[in-house]
Amino acid sequence: MQDARATILDVANLTTVFNTRDGMVYAVNNVSFSLKAGELLGIVGESGSGKSVTMMSLLKLLPSPPAEITNGDIWFNGRQLREVSDDELRKVRGGEIGFIFQDPMTSLNPVFTVGFQIMEPLRLHMGLGKKAARIRAAELLELVGIPDAMARLRDYPHQFSGGMRQRVMIAIALACDPKVLIADEPTTALDVTIQAQILELIKELRHKLGMAIIWITHDLGVVAEIADRVAVMYAGQIVEHAQVSELFSNPLHPYTRALLETLPQMGGERAQRLRSIDGQPPNLDHEPVSCEFAPRCKHVLSRCTQENPKRRAVTPEHDVACWWQPGQEGEKDA
Amino acid sequence: MLDSAEEPLVRVRDLKMHFPIYKGLMKRQVGAVKAVDGISFDIFEGETLGLVGESGCGKSTVGRCVLRLYDILSGSVVLDGQEIADLNGPDLRAKRPEMQMIFQDPQACLNPRMTVGSIISEPLFEHKKMTKEERRSKVAELMDAVGLARRFADRYPHEFSGGQRQRIGIARALALNPKFIVCDEPIAALDVSIQAQVVNLLEDLQDKLGLTYLFISHDLSMVRHLADRVAVMYLGRFVELAPSETLYTNPQHPYTQALLSAVPHPDPAQAGGVDRIILKGDVPSPAAPPTGCTFHTRCPRAIDICKKDAPEWRQIGDGHFGACHLID
């Protein structure tokens, strides 16, 4: 069913490096993914795995220097975003692609009213007049579930709670009916009960507005709940990618498997001891020439330390970047 | 309250901690944030009591009060048979080695200008008369215990990753052989793959040294794994306290039920089937808590009496306590 939909965003072999004083940091390495209209793609990974940098690279939101996109194609709606002019890109940002940031505390401007901040993209991108923008802003606030919207437009961000502020952020991102919404850990700073409210809201808005969403998170629980497809990132690469039910029922990459095993369960038998992943996440100070997960991997093969695995399709909708196959004996297996 | 013959290691009764709010030129007191408002609990030797709740509900304040990092407003805190609520000066200082704390942010709780060795040995400096050699060997011993290589003793905190820094914090807390440790969200700042390492370490240390933990966290699934008993807190008060299994399988208070149902399951097959209770609105301000039951403004099952009378904290099952009018 989903195959019938048009691909709206197609990223191929994206590579972003940071040229810092202490040397190069290879933050995003050869990342490819695509997004269809109306779909929700979850991107999971630990901090430093390149999730956010990938998304910011798409819209050139990273300061350059030090950041530099060295390779890759970003096709959005028939245009190659790497080649469009700054003016045109500015129209895409906040217009056709909305962005929700992690921390609602710091991403709203404290000296402007919330109304002003919601109206800003409306007036710039959609050319609405002041009055029309105000009416639309109130509608948006209502849409994200803030009561008494017209009056609250005059309030400043500090007059809102954390959950409410995140709703304002969502309202701003939705202001111009974006085709794609990129949400960078939008619920990480929130409590579980507020997170549940926001997840519910996003599900509802998806139905109503039919936009495509990229949802970045480190919480596998959240992904299981809302995503259609999931990509798992490690050390700046996508190591596994599949439909959500497939990924959770049949994880193939040792990292995905280990991640799922380390999570304590909310029900059922209580484990005596948590399974942990030994070692530390890798430094990104070199180009990946071997599998970056190999030093922590339970199933490491000699090939893993010599060659970086490419993503190979297991089924048309499930691919994994790993030399090991489930059932195969690794060198540490015993 | 708990009808057990065993004497608890920590006994807290009717603990209150209010922070005054000053306003105006004359700094007159105009109100108080009731961060902790009448809490009673016991922690037995060798056990882990989990303390969960949303941010701003007063979890951390409870931890700090129990360790007497604050001068508490009223109530009693008995640690190992000694009342510490009104201790001061040298008496309190003499009691400090028995109780320690592991902090949330491993970045902020370590002095960036001190080496790891001096961070871990600082409590020894303060509280023990030890020679330099004794201190050095104790530090090495502690670093072994938490899984840090001894040769790192001369390095600085910034050279370590988050998980390793948390290990340094744990080693420092263990330096004086405490009986009781308050863990204030020790894993909240760590990645999933590192969280499990630290939790396993805490469990191993508890087995080996017979430690008693008050484990403060907002991660309900981690608390389920770690704690023997769990207390749920809302706006400065406990709403429910029960053995871990009971609380997670048979929660009685509507807030506990909502909190548990809000946790996303890492399993798409289950995610659809959960009857989720979505709470409306936000946590009210602890400076002006609602009348009656403080939860009634968000409670899906609130009845008239909830708005007027605060429910009594009472036993509702075997080791199971709760404060709600709806529990029979």
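Criteria and cut-off values
Residues numbered from 1 in each chain as written. Chains lettered and ligands numbered in written order. Predicted model: local features only at pLDDT ≥ 70, side-chain atom pairs only at ≥ 80, totals over all residues. Heavy atoms only, no water. Pairing = 2+ DSSP bridges. Helix = DSSP H or I, 4+ residues; strand = E, 2+ residues; numbered from the N terminus. Contact = heavy atoms within 4.5 Å. Axes fitted to C-alpha atoms, helices over the stretch in contact; angles between N-to-C directions. Core = buried A, V, L, I, M, F, W, Y, C linked by side-chain atoms within 4.5 Å. Buried < 20%, exposed > 50% of the residue type's maximum accessible area, 1.4 Å probe, protein only. Domains from an automatic or database assignment. Parallel < 35°, antiparallel > 145°, perpendicular 65-115°, else oblique. pLDDT = per-residue confidence, 0-100. Buried area = accessible area lost by both parts, 1.4 Å probe. Salt bridge = Lys/Arg side-chain N within 4 Å of Asp/Glu carboxyl O. Polar contact = N/O pair within 3.5 Å; in protein donor to acceptor, adjacent residues only side chain to side chain. Nonpolar A, V, L, I, M, F, W, Y, C, P; charged D, E, K, R; others polar.

**Topic: the sheet that holds strand E5 (residues 79-80) of chain A**
All names here are of chain A. The four strands are arranged E2-E1-E4-E5 in an open sheet whose pairing can be described as antiparallel. The open sheet has two edge strands with one neighbour each: strand E2 (23-36) and E5. Each of strand E1 (7-20), E2 and strand E4 (67-76) is contacted by helix H1 (residues 51-58), which is oriented at about 110° to E1, the strand it contacts most.

**Some points on the nonpolar core**
Formed by 74 residues in total, the largest nonpolar core has its most connected members in Ile118, Leu141, Val144, Val168, Ile170 and Trp215 of chain A. Each of domain 1 (39-60 + 81-235) and domain 2 (252-264 + 286-334) of chain A contributes no fewer than three residues to this core. For Leu141 of chain A, the contacting residues outside a window of four places in its chain are Ile118, Ile146, Ala149, Arg152, Leu153, Val168 and Ala171 of chain A. Core analysis: the second largest hydrophobic core is formed by 66 residues, Val52, Val139, Val198 and Leu220 of chain B among them.

**Some remarks on the sheet that holds strand E10 (residues 237-243) of chain A**
All names here are of chain A. Read across the sheet, eight strands follow the order E6-E7-E8-E3-E9-E10-E12-E11 without closing on themselves; strand pairing throughout is mixed. Looking at strand neighbours, the two that pair on one side only are strand E6 (97-100) and strand E11 (312-315), the edges of this open sheet. The average undirected angle you get between the axes of adjacent strands in this sheet is 20°. The strands that helix H6 (residues 162-174) touches are E6 and strand E7 (180-184); relative to E6, the one it contacts most, it runs at about 170°.

**Focus on the packing of helix H3 (residues 114-126) of chain A against H6 of chain A**
Residues and elements named next belong to chain A. Where H3 meets H6, the axes come as close as 8 Å, and the angle between the chain directions of the two elements is 25°. Accordingly, the angle class assigned to the pair H3 and H6 is roughly parallel. Packed against H3, whose contacting residues are Val114, Gln117, Ile118 and Pro121, the element H6 presents Val168, Ala171 and Ile172 at the interface.

**Regarding the confidence of the model for chain B**
The share of residues in chain B with pLDDT of 70 or more is 97%, and the mean pLDDT across the chain is 89. Our summary of model confidence lists the complex with pTM equal to 0.85 and ipTM equal to 0.80.

**Some thoughts on the domain arrangement of chain A**
Residue and element names in this part refer to chain A. According to the domain assignment, chain A consists of domain 1 (39-60 + 81-235) and domain 2 (252-264 + 286-334). Placing the centre of domain 1 and that of domain 2 at their C-alpha centroids yields a distance of 34 Å. In this complex, domain 1 contributes six residues to the contact, which on the side of domain 2 involves eight residues. Taken together, the two surfaces of domain 1 and domain 2 that pack against each other cover about 670 Å², and 73% of this comes from carbon and sulfur. When the buried area of domain 1 at its contact with domain 2 is split by residue, Leu220, Val232 and Tyr234 rank highest and sum to 71% of it. Counting across the interface, domain 1 meets domain 2 through zero salt bridges. For the pair domain 1 and domain 2, the number of links is two residue pairs in polar contact (both at pLDDT 80 or more). Broken down by element, the side of domain 1 that touches domain 2 gets its largest block of residues, three residues, from strand E9 (residues 229-234). Looking at the side of domain 1 that touches domain 2, its residues break down into five nonpolar, no polar and one charged.

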